[in-house]
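# Architecture and fold: a report
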Amino acid sequence: MLISLNWLKQYIDLDGIEINEMENALTMIGQEVEKIEVLGENLENVVTAHIVEKEMHPDSDHLTICKVDNGKEILQVVCGASNHKAGDKVVLAQVGAKLAEDFVIKKGKIRGVESNGMLCSEEELNIGKDSDGIMILPQDTPAGIPMKEYLGIDDTVFELEITPNRPDCLSHIGIARELGAYYGKEVKYPSFAINTENSEKTADNISVEIADSNLGKRYVARIIKNVTVKESPKWLKERVESIGIRSINNIVDASNFVMMELNQPNHAFDLDKIEGGKIVVRAGLENEKLVTLDEQERELNSDDIVISDGVKAVALGGVMGGENSQITENTKNILLEVANFNSQNVRKTSRRLTLSSDSSYRFERRVDEENAINVINRLANLIQEVAGGEILAGAVDNYPVPYKKKSAELNFERLNRFVGKVIPRETVIGILTRLEIEVVDNGETLTLTAPSYRDDLENEQDYFEEIIRMYGFDNIENILPKLDISEQPVIDTTKLSTQVKLIASNAGLKEQYAINLFLNSGVFFEPTLIRLYSLLFILVVEGETINILFFIVSAFKRKVIAWKSPFFIPIISHKFPFRSNFRC
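Quantities reported herein were computed from a predicted structural model and do not represent experimental measurements.

### Some thoughts on the overall build of the protein
When its secondary structure is counted, the protein shows 17 helices and 30 strands. The buried share of the protein, reckoned over its 584 residues, is 47%. A separation of at least 24 residues holds for 70% of the contacts in the protein among residues at least 6 apart in sequence.

### Some details on the nonpolar core
Among the nonpolar cores identified, the biggest contains 54 residues, and I175, L336 and I383 are the most heavily contacted of them. Aside from chain neighbours lying at most four places away, what touches I383 is I224, V227, I251, A254, I334, L336 and G388. Counting 32 residues, the second largest nonpolar core, distinct from the first, contains L215, L290, V314 and A339.

### A word on the sheet that holds strand 2 (residues 32-39)
Strand pairing in a sheet relies on backbone hydrogen bonds. The paired strands run either parallel or antiparallel. Strands sit in the order 1-13-2 across an open sheet of three strands; the sheet is antiparallel. Edge positions in the open sheet fall to strand 1 (2-4) and strand 2, since each of these has one partner strand only. Across this sheet, the average inter-strand angle for adjacent strands is 25°, counted without regard to direction. Two strands pair when backbone bridges link them, and strand 1 and strand 13 (residues 155-161) are joined in this way by three bridges, in the antiparallel orientation. Along strand 13, the bridge assignment pairs S4 with V157. Across the face of the sheet, helix 2 (residues 19-28) comes into contact with strand 2 and strand 13 while running at roughly 155° to strand 2.

### Quick word on helix 11 (residues 412-419)
Considered for burial, the residues of helix 11 that qualify are F412, L415, N416 and V419. End-on, the buried residues of helix 11 take up no more than an arc of 95°, which puts them together on one face. Turned more than 90 degrees away from the buried face of helix 11 sit E413 and R417, all of them exposed. Tucked inside the fold, the buried residues of helix 11 contact strand 26 (407-411), helix 12 (425-434), strand 28 (445-449) and helix 13 (460-471). Regarding helix 11, its N-cap is N411, as a side-chain oxygen of that residue lies 2.9 Å from the backbone nitrogen of E413 further along.

### Points about the sheet that holds strand 21 (residues 313-316)
Here we have five strands laid out as an open sheet, ordered 14-17-20-21-22, and mixed in their pairing. Strands at the two margins of the open sheet, each flanked by one partner only, are strand 14 (207-210) and strand 22 (320-321). Here strand 21 pairs with strand 22 via two bridges, running antiparallel. In the sheet register, A315 faces strand 22, and the bridge partner there is G321.

### Topic: the packing of helix 11 against helix 13
Packing of helix 11 against helix 13 leaves a shortest axis separation of 11 Å and a crossing angle of 60°. Comparing the axis directions of helix 11 and helix 13 gives the class oblique. When the axes of helix 11 and helix 13 are compared, the crossing they make is right-handed. Of helix 13, the residues touching helix 11 (which contributes R414, L415, F418 and V419) are E460, F464, I467 and I468. Here the contact of helix 11 with helix 13 is composed, by residue class, of six nonpolar, no polar and two charged.

### Section: the side chain of T141
Position of T141 relative to the elements: it lies in the loop between strand 12 (136-137) and helix 4 (147-151). In this structure T141 comes out as buried when scored by relative accessible area, which is 4%. Look past the residues within four positions of T141 in its chain and what remains in contact with it is T48, K89 and Y150.

### Quick look at the packing of aromatic side chains
All chains considered together, the criterion is met by five aromatic pairs. Geometrically, the ring pair formed by F418 and F464 is tilted, given 5.1 Å between the ring centres and 40° between the ring planes. On the criterion of sequence distance, the pair formed by F418 in helix 11 and F464 in helix 13 is long-range, its members being 46 residues apart. One aromatic cluster is present, built from ring pairs that chain together W7, W235 and F257. The residue whose ring lies beneath R365 is Y361, and the NZ or CZ to ring-centre distance is 3.6 Å.

### Topic: the pairing of strand 27 (residues 438-441)
The pairing of strand 27 with strand 28 spans four bridges and is classified as antiparallel. When the bridges of strand 28 are listed, V439 appears paired with L448. Counted between consecutive antiparallel strands, the loop separating strand 27 from strand 28 contains three residues, among which G443 sits at a positive phi close to 100°.

### Let's talk about the confidence of the model for the protein
When pLDDT is averaged along the protein, the result is 84, and 86% of the positions lie at 70 or above. In the predicted structure, residues 516-584 sits below a pLDDT of 50 and forms 74 contacts with residues beyond four places in sequence or in another chain.

### Description of the pattern of salt bridges
Taken as a whole, this structure holds 31 salt bridges when the rule is applied. Among the salt bridges present, the one from R454 reaches D456, with a minimum N-O distance of 2.8 Å. Two residues, E466 and R469, come together in a salt bridge whose shortest N-O distance is 2.8 Å. Note that E466 and R469 are positioned in helix 13 at a spacing of three residues, about one turn of the helix. Exposure remark for E466: the relative accessible area of 5% places this residue in the buried category.

### Remarks on helix 12
All of the buried residues along helix 12 are V428, G430, I431 and L432. E436, located one to two residues past helix 12, shows a positive phi value of around 65°.

What counts, and at which threshold
- Residues numbered from 1 in each chain as written.
- Predicted model: local features only at pLDDT ≥ 70, side-chain atom pairs only at ≥ 80, totals over all residues.
- Heavy atoms only, no water.
- Helix = DSSP H or I, 4+ residues; strand = E, 2+ residues; numbered from the N terminus.
- Buried < 20%, exposed > 50% of the residue type's maximum accessible area, 1.4 Å probe, protein only.
- Contact = heavy atoms within 4.5 Å.
- Core = buried A, V, L, I, M, F, W, Y, C linked by side-chain atoms within 4.5 Å.
- Pairing = 2+ DSSP bridges.
- Axes fitted to C-alpha atoms, helices over the stretch in contact; angles between N-to-C directions.
- Arc of directions from axis to C-beta.
- Polar contact = N/O pair within 3.5 Å; in protein donor to acceptor, adjacent residues only side chain to side chain.
- Parallel < 35°, antiparallel > 145°, perpendicular 65-115°, else oblique.
- Left-handed = near helix turned anticlockwise from the far one by under 90°.
- Nonpolar A, V, L, I, M, F, W, Y, C, P; charged D, E, K, R; others polar.
- Phe/Tyr/Trp six-rings, centres within 6.5 Å; stacked < 30°, edge-to-face > 60°.
- Lys NZ or Arg CZ within 6 Å of the ring centre and 35° of its normal.
- pLDDT = per-residue confidence, 0-100.
- Salt bridge = Lys/Arg side-chain N within 4 Å of Asp/Glu carboxyl O.

So this is what it looks like as structure tokens:
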């Protein structure tokens, strides 16, 4: 996951925090930094400039001598290109600029004429592929502006290794929340309220049907009419391109921006290409075909999630849109989709078709269905900002299986025992609150309810881990545990099993580590318990010891259980205590 520092600063104040410190903080709280790239690092000491004079080199028929204003002084530069003239605004790499690892600009002489820099092409600056001549900038470009600032690529990008249990961190807001909790800083969320709505209703133009709630947990739709599809504004292009996404147009770029901001894949359809006035979420039909946005025809099956209108399939749910409903420069009315699809189906489709996308990557892990309305409102506002149009009133929201938040109890005594030190009560509550966890103080315990985007928080131990990583591993001292010295002899808990193993091996038996067993009745048996009880029977049953052990293994293998037979009771009920006088 790529995270742009400039983009991240929209949501959290990071002034005064050095890059190295932030790298360490992210790694310590579980978001390991794989790589840090400083964009525009090769553009240090490269500025915009103005050619004041130009004349031919006296000893060459293709070199020119230019007097160049860098905003501070007039420099003489020898240039080998032919596409410039006096008055042009150009890019000047000054003495000392390091355009590449082995390419440093030095003061020198070219055929006897002093040169104090170099006028550059796109390719030489590594910002494009044009090498036919030097870059010619717009005439209104001031001289002396650093090219990093002029191009808007003065940024630092973190490449993070996000673990599968933290899909909420596959976004800039997610990382802002993590750093906010760690540094105790407030996270500034974008507005999720619609700016302006038309009196016409979305529900009067489209309906949404989910044929199988196992395939789609939620589907939200909104409509914007009379948009203008065009090139994205400079700020939007800079944002998406900073993390390696190619800018396409203002609608698609807005969609990608919101996905990378809020970790919610979304899609925009050309509304005029949607037939029947409805959207249906269903399973794919055998031999059904769809041409996806990559211009490849895909053959679908019943494992695929298909988005269809009243006539045809228009998208492969959670993976990629269809070419027959894509946004083009002629699109005027758009239908926005924010949905939640079954991760297993998305994974199967992506693997089978060898079709991976940013969308499928997120759905395969988990997407927060509770945030769907906020996301679609944010997307509608952004599209209206960059493409104009009127947002129709309301959204169509089909939500057949609402999300149930998870709660757990946290005991302070167990927490301190687990950590190995006493963490102040106020510190614990402060950490949990900053992580946007609902806290109810019951005295000796806390009742904790995880936010919907943190589906990984299920039990007390999960919250222990959250507290420790935010409290800081460095704040937990390396102290040996205290052991009480007792006069009572220490019981060797391994002696019994060791002796049993020795007896069994001398009898010619071999220990086998079995896989987990499930019976038709749904009873689950842990291999460790099965081995343990089997060995215990060897001790308590006199005579025919080997035959009895074989009977137990054979019974499990055939899934045949004599339910009334006494020596299956301790296996079925893990809490049933073993007694030395137990007999079969």
